[in-house]
Amino acid sequence: MAHIEHEADRLALIRSLDLLGLQGTPDLDRITRLAAQALDAPMALITVVEEFEQHFISTVGTDLKATEREISVCAVAIESKGVFEVEDLSQDARFARFRTVTEDGMRFYAGVPLTLSSGMNVGTLCVVDFEPRRLSDAQHIALRTFADLAVNQIQLLRMVGRRDPVTGLPNRQQLSADVAIRKRQSMFGTMQLVVIDVLESGASSRLTQALGQGPAESIIRQAAFRILDLLHDDAPLYHVDTARFAFLLPDEGGDGLLGLLSGMRKRVMQPVHTHGLDMSASFHAGLAPFHGDGEDDAMRMAVTALHAAVERGVPWSHYDAARDASLRRQHTLATQVDAALREQQFHLAYQPRLDLATGQVAWVEALLRWEHPTLGTVGPNEFLPIIETTPLMPRVTQWVIQQALRQLADWDALGHRIGVSINLAGADLEDGHIVERAFALTEQYGVEANRIEFEITEGHWLQGEAVVSQLQTLRTLGFSIALDDFGSGYSNFAYLNALPATAIKIDRSLVDGMEADGRRARLVRTLVRLGAELGLRTVGEGVETEAQLELLRRWKCDEAQGYLISRPCSPQDLRTFLIERVSTPAITS
């Protein structure tokens, strides 16, 4: 089985490198002539051994271009480690009945495998004679040297600079060169640039960690061969990234291209047997129009469409200009965060959380807002997902904590003693300084740590020991920890055991409509009871109706937050709200 796996990879490499296209190459012919002269052989060959045939891409002493593999001595020599020599083929049971021996009179053979940098043997360099003989040690060395020269020349012609070393396919640089040639020859109409991803990055990483590079490279190589097999000769396949391929086809409309992609997906996702396992590639494609200008932008648009397909869980997606504009706007905003901090474009809004037992406000959530000088109000759902993945996030969070604590101190002076809840992202805990920053700011503004709550949301970033340790330290110092959007993720319950939480905020998706949905209502009620049994404060998020509020109160939920109580508001408007709550200590339904 291992031989079959290796052979599939080997054949894919021969095909993707188009080694048969090297027939008649002068540089290879010179090597073949030198080998024949140096070894005093009437025939010398550079061969490529395919599945059913042996092809001669350079010859001396014969005009043949190919023979059947079943009568090829090279098909045996290709498996050897060094020089494979047979002094008299007619006396060797493996070859004595070959037509080349019985009819053509071949007697002597000596060959060396051509091993490319990928480790694959693609063919041989061999010499043939019509009399039995034996090479000397010096001639063995010479034959191996000529084979090395042939390999170097093949790689120079096919791989260096313009070919991917894993698949041998033309790479991104060759795509650019080919596009330029087609433009000069006025061969460009409207095209569709298709980019295909055949191995999801997470799966590739896990596979490489477990078994090394081999299996992932095998999947990528064989997936490329399957895609290539369905393309026309005038549509080259390019290997443009680790597991990504691209090709160009005329934009002729209709369902032809989509039918081609459907066939490719079916072929690519068929199992690949490698390293003793049956594994499958993935398949996502992005399509973008291309007119011959702005190749980099067309590639970017196709990749954008590919990511849209991944996000939507569909096999392929066409370029969407509106989505692209949104992504580019997000990137632009991310580059302007520094300026926003310097120029005070950020401000905080505060949304109250109502204590359902007293009718008073015990906590408010600090929410970041951005008034952009040219774009106007920019919503947090637009800019925060970008910032949260960058080193900018800790700076932004420190600014939020500082502003929130300054505001608490101001409210204290006015007689309003409340706590503030502040959101943390994964990037906030990556550098290990969140504890010292938060504690230093409480000291600076004279605000007790137990009036600061940090909200964290489910994600892989919560699973590291360093993250849990920092949260434990924050809790030891008196800060509160709330699990936000609780109930919306599959592993929230595990976090209850792993993290030092003091509160859970029941996700708005569960609260919404629970007054009319018995199953949802039972789930929220169960979460409230669970929180109570674990000694955690429970907060119902997204409360928008009196019925929802009444259910939460009936179930002994501690707090409620949502538009029914108050929208996020300015510090001045919140003070007015707090004064009104003092005069109306309870909400009646």
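Residues numbered from 1 in each chain as written. Predicted model: local features only at pLDDT ≥ 70, side-chain atom pairs only at ≥ 80, totals over all residues. Heavy atoms only, no water.

Colleague: Give a description of unusual backbone geometry that names residues and reports values.
Modeller: Notably, Q344 is not glycine yet its phi reads approximately 55°, a positive angle. Structurally, Q344 can be placed in the loop between α12 (337–342) and β14 (346–355). Given the relative accessible area of 69%, Q344 is considered exposed. In this model, D485 sits at a positive phi of 50°, which is unusual for a non-glycine residue. Assignment of secondary structure puts D485 in strand β19 (residues 480–486). (Helix = DSSP H or I, 4+ residues; strand = E, 2+ residues; numbered from the N terminus. Buried < 20%, exposed > 50% of the residue type's maximum accessible area, 1.4 Å probe, protein only.)

Colleague: Go over the sheet that holds strand β4 (residues 84–86) with me, naming the residues and quoting the values.
Modeller: Here we have 6 strands laid out as an open sheet, ordered β3-β2-β1-β6-β5-β4, and antiparallel in their pairing. Two strands in the sheet have a free side with no partner beyond their single neighbour: β3 (66–68) and β4. The mean inter-strand angle of the sheet, taken between neighbouring strand axes irrespective of direction, is 25°. In terms of strand pairing, strand β1 (residues 43–49) meets strand β6 (residues 121–129) through 6 bridges, oriented antiparallel. Bridge assignment links A44 to a residue of β6, and that residue is V127. (Pairing = 2+ DSSP bridges. Axes fitted to C-alpha atoms, helices over the stretch in contact; angles between N-to-C directions.)

Colleague: Any chance you could break down the environment of S201 for me, citing the residues and the numbers?
Modeller: Tracing the sequence through the fold places S201 in helix α7 (residues 201–211). With a relative accessible area of 58%, S201 lands in the exposed category. Spatially, the C-alpha atoms of S201 and T242 are 9.3 Å apart, while their sequence positions differ by 41 residues.

Colleague: Could you give an account of the side chain of D29, naming the residues involved and the relevant values?
Modeller: Position of D29 relative to the elements: it lies in helix α2 (residues 26–38). Of the side chains bearing the opposite charge, R33 lies closest to the buried D29, which forms no salt bridge; the N-O distance is 5.1 Å. Separated by 2.6 Å, the side chains of D29 and S58 make a polar contact. With residues up to four places along the chain from it excluded, the contact list for D29 reads G24, I57, S58 and T59. (Lys, Arg positive; Asp, Glu negative; His and termini not counted. Salt bridge = Lys/Arg side-chain N within 4 Å of Asp/Glu carboxyl O. Polar contact = N/O pair within 3.5 Å; in protein donor to acceptor, adjacent residues only side chain to side chain. Contact = heavy atoms within 4.5 Å.)

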